[in-house]
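The chain contents come next:
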Amino acid sequence: MDMNFPLLPAISLLLLVFFSTVLSVAQSSTIGVGYISRLLEIQERERAPPSVQVAAAYGVLNRLIPSHSFAFQLRIVSKEQCGGESCFIIENYPFVTGSGAPEIVISGVTGVEILAGLHWYLKYWCGSHISWDKTGGAQLDSIPKLGFLPRVRHGGVLVQRPVPWNYYQNAVTSSYTFAWWDWKRWEKEIDWMALQGINLPLAFTGQEAIWQKVFKKYNISNVNLDDFFGGPAFLAWSRMGNLHRWGGPLPQSWFDQQLILQKKILTRMYQLGMNPVLPAFSGNVPAALKNIFPSAKIARLGNWFSVKTDHRWCCTYLLDATDPLFIEIGSAFIEEQLKEYGSSSHIYNCDTFDENTPPLDDPEYISALGAAVFKGMQNGDRDAVWLMQGWLFSYDPFWRPPQMKALLHSVPVGRLVVLDLFAEVKPIWSASNQFYGVPYIWCMLHNFAGNLEMYGILDSVASGPVEARTSENSTMVGVGMSMEGIEQNPIVYDLMSEMAFQHKKVDVKVWIDLYSTRRYGQSVPLIQDAWIILYHTIYNCTDGAYDKNRDVIVAFPDIDPFSISVRKNRHHYNGKPVSRRAVLKENSNSYDHPHIWYSTSEVLHALELFILCGEELSGSSTYRYDLVDLTRQVLAKYANELFLKIIESYRSGDGYEVANRSQKFLDLVEDMDILLGCHEGFLLGPWLESAKQLAQDEEQERQFEWNARTQITMWFDNTEDEASLLRDYGNKYWSGLLRDYYGPRAAIYFKYLIKSLENGHGFALNDWRREWIKLTNDWQNSRKKFAVTSNGNAVTIAKWLYSKYLRSPDTYDH
């Protein structure tokens, strides 16, 4: 097969579908778009000059495919040329004069639209695929040679945005993923954002340096602030007022380098025509402010997940929004950012009430709080618009309709935009009558804590934004991705990014048939079959459960084995009887059972198909990532079942089987570590080394590495015999972490199981906890180095592990 044109038959089929759905010019503005029209006009008027945006777009093109940098002509066009909406246009260059001449013209209203159009062309005419480096990177081998780029239809292709904004990030992504990034990594991410059409990203880096300057005006010294800011891996929660000092204090070099980095980030975002969202004041203040302003309404908040309500890092201080000092500080913070950065997009994120419930539920009081929060922004920037996460409406019963309305209507319409943060699972827009008339952005949350778990709801992603936008009296103004951590499940983010340009629901079956072809650079029927299975199983989670990964390996149960019992479970799964299995007692709440929502036997078959394609696709980094991830997923669920069998053997007093199965579990952990070491996307080393590389001296290196190690293990504080309430929340399936921490931890638990049977006494839960916590504390302070490059053949290892653990027909109960 000529690899210059491997995908043309498949692309022809795809384009027939897409031409009929997204390539029409459609006036699809909602009521909400009208409400924010003033801000959109201001942003358009203040955008970087076209020449700057085009130059920035060429920069992305040159970094992505330097060999084809002259094959594309990039242009800025007006909204009028796009039918009054933001769009991109793909056209054939009028004439081709020879080698090195342009072949395709990509036009857009901004640099972001240009690059989204480039990405669209590369996907649907050249069959390429772009994901994060850790998830396989870019598959560009399918792009034809210069002079042979596929032509589009006569007259070109115009694709409009159905809503103006494509939002990106979560308030905690800055810690779970971005904590240790330098400019080189940020530049790659901004390139990725632009290619996905993202034009409304959070820009939270460096804000601590701004706060230093603001609080200095209130006679708060840097020494006072040592107790205020958390460490680098915990800044997100320090900013939200959940904790203080944990992992700190921050060295001055951190403040300085992060501010420099933020200026580079903002400059590039503005150059591409993005609208970066800056932070605003939420009321979180240093303890010293209470001494300086003793009459101010400053309350000490309650405990946020600290084990013993340790005031060294829990129970932060919150300035009441109705106090005049709140507006003063809020205004000063906005003004200082404008002074430091020179400009803004006039949209500011503030989540005063996220996991901080107001003291009174009186609607008038809540309305006064909201008005004051906005007033602080508006005094600093008269054109300010408040962007608020809607997460509080998802989980806090405090927010009943009267309280929601009071907050949402406390700000003039169009000056508050809400992120419907978890809309793919629990949409608030539909339950609140379009947020009671307030503009909102439909967001996919998808991931918690950066856990590595194959999971998604593709049908919801493919239809939810369209249903929301086309609903009666819709106030939707954008789509967004609000995951807590990135660099996982690339298929989910590939589809969600497209929804910024899709006017109709996507036929996921058609879309996914071509996904594997684009991702691996060739059409392989067995792989397509495997992906259809994954679509109907792993990527079809409809049970509404939050998907925090609680697999036993990465979230080992801190529980007495007698809290787990065995009962006969005579029900059917996919028409097949399910045998007896160990299950959790209904009255036990100390063990968060692993989430399972699909037939594991069907997913095992998908893995078999993946392995069969190994020789054909082994040269593809995207395939190797998916193979490792799918093998990991299957083995992780197998490990959950194996653990329950160990408990069953313990309950029946069978010491031989406990020892035998425990060793099998530990061998499995070691073997999975080898598997994960086969791809760069599953390595512990880069996380730790990137932390240390930001340090200026040995002391900082130790501190930053401790931050990095702690976030992915215990997370928060512990005592000698009581673990953190957030233990394993940020767990990761990373090579090095399994072998060096998760395996030894499981071995301790199994040791006490065997001891219990040998001496005839109950399980020594407190002894287990003390030894496990000591292991954790020692590991967090360790300086052991881990590999930063992959090693091993993913196909060979996957085949070996399948044969060793999964070939037996009774591997799973279902």
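Look up: the structure comes first, before these words.
Computed from a prediction, not measured in an experiment: that's the story for all the values here.

Asks: Can you walk me through the packing of helix H7 (residues 183–195) against helix H11 (residues 252–271) in this structure?
Replies: Relative orientation and spacing of two packed helices are given, respectively, by the angle between their axes and the distance between those axes. Two elements in contact, H7 and H11, have axes separated by 11 Å at closest approach and are oriented at 25 degrees. As summarised for this structure, H7 and H11 are arranged roughly parallel, according to the angle between their axes. Helix-helix and strand crossings are classified by hand; for H7 and H11 the assignment is right-handed. Residues Trp183, Trp186, Glu187, Ile190 and Met193 of H7 lie in contact with H11, whose contacting residues are Leu261, Lys264, Ile265, Arg268 and Met269.

Asks: Can you help me understand the pattern of salt bridges in this one?
Replies: Pairing between side chains of opposite charge can happen when their charged atoms approach one another. All chains considered together, the criterion is met by 43 salt bridges. One salt bridge connects Arg519 with Asp626, and the closest N-O pair in it is separated by 2.7 Å. A residue pair is termed long-range when its members are at least 10 positions apart, and Arg519 in helix H20 (residues 508–520) and Asp626 in helix H24 (residues 621–651) qualify at 107 residues. The pair Arg519 / Asp626 is uniform in exposure class, with both members buried. Each of Glu689, Lys692, Glu698, Glu701, Arg702, Glu705, Arg709 and Arg783 takes part in a single network of salt bridges with overlapping partners.

Asks: Would you explain the packing of helix H19 (residues 490–498) against H20 in this entry?
Replies: Relative orientation of the contacting elements H19 and H20 amounts to 115 degrees, with a least axis distance of 12 Å. Helix-helix and strand crossings are classified by hand; for H19 and H20 the assignment is right-handed. Contact residues: H19 offers Pro490, Ile491, Asp494, Leu495 and Glu498, while H20 offers Trp511, Ile512, Tyr515, Arg518 and Arg519. Of the residues that constitute the contact of H19 with H20, the class distribution is six nonpolar, no polar and four charged.

Asks: Mind showing me how you'd approach the nonpolar core here?
Replies: The nonpolar side chains of soluble globular proteins are, as a tendency, buried together. Core analysis: the biggest nonpolar cluster contains 282 residues, and Phe72, Tyr121, Phe393 and Phe665 have the highest contact counts within it. The dominant element in this core, judged by the number of residues it contributes, is H24, at 16 residues. Setting aside chain neighbours within four positions, we find Phe393 in contact with Met388, Trp399, Met404, Leu407, Leu408, Val418, Ile428 and Phe435. By size, the runner-up hydrophobic cluster in this structure holds six residues, among which are Cys82, Ile89, Val109 and Leu158.

Calculation criteria
Residue numbering note: each chain is counted from 1, following its sequence as written. Local features in a predicted model are, by the rule used here, given only for residues with pLDDT of at least 70; side-chain atom pairs are given and counted only at 80 or more, and totals for whole chains, interfaces and linings are based on all residues. Excluded from the side-chain calculation are hydrogens and water; included are all heavy atoms of the structure. To get an axis, a line is fitted to the C-alpha atoms, and for a helix only the part in contact is used. The angle between two axes follows their N-to-C directions and goes from 0 to 180 degrees. Strands here are runs of E lasting at least two residues and helices are runs of H or I lasting at least four, both read from the DSSP assignment and numbered beginning at the N terminus. Should an angle fall under 35 degrees it is called roughly parallel, over 145 degrees roughly antiparallel, and 65 to 115 degrees roughly perpendicular, with every other angle called oblique. What makes a crossing left-handed is the near helix being turned counterclockwise from the far one by less than a right angle; a clockwise turn instead makes it right-handed. Two residues form a contact once any of their heavy atoms are found within 4.5 Å. Salt bridges are defined by distance alone: a side-chain nitrogen of Lys or Arg within 4 Å of a carboxyl oxygen of Asp or Glu. Think of it in three bands: with a 1.4 Å probe and only protein chains considered, a residue is buried below 20% of the maximum accessible area for its type, exposed above 50%, and partly exposed in between. Basically, the charged four are Asp, Glu, Lys and Arg, the nonpolar ten are Ala, Val, Leu, Ile, Met, Phe, Trp, Tyr, Cys and Pro, and anything else, Gly included, counts as polar. For our purposes a nonpolar core is just a set of buried Ala, Val, Leu, Ile, Met, Phe, Trp, Tyr and Cys residues, chained together by side-chain atoms within 4.5 Å.

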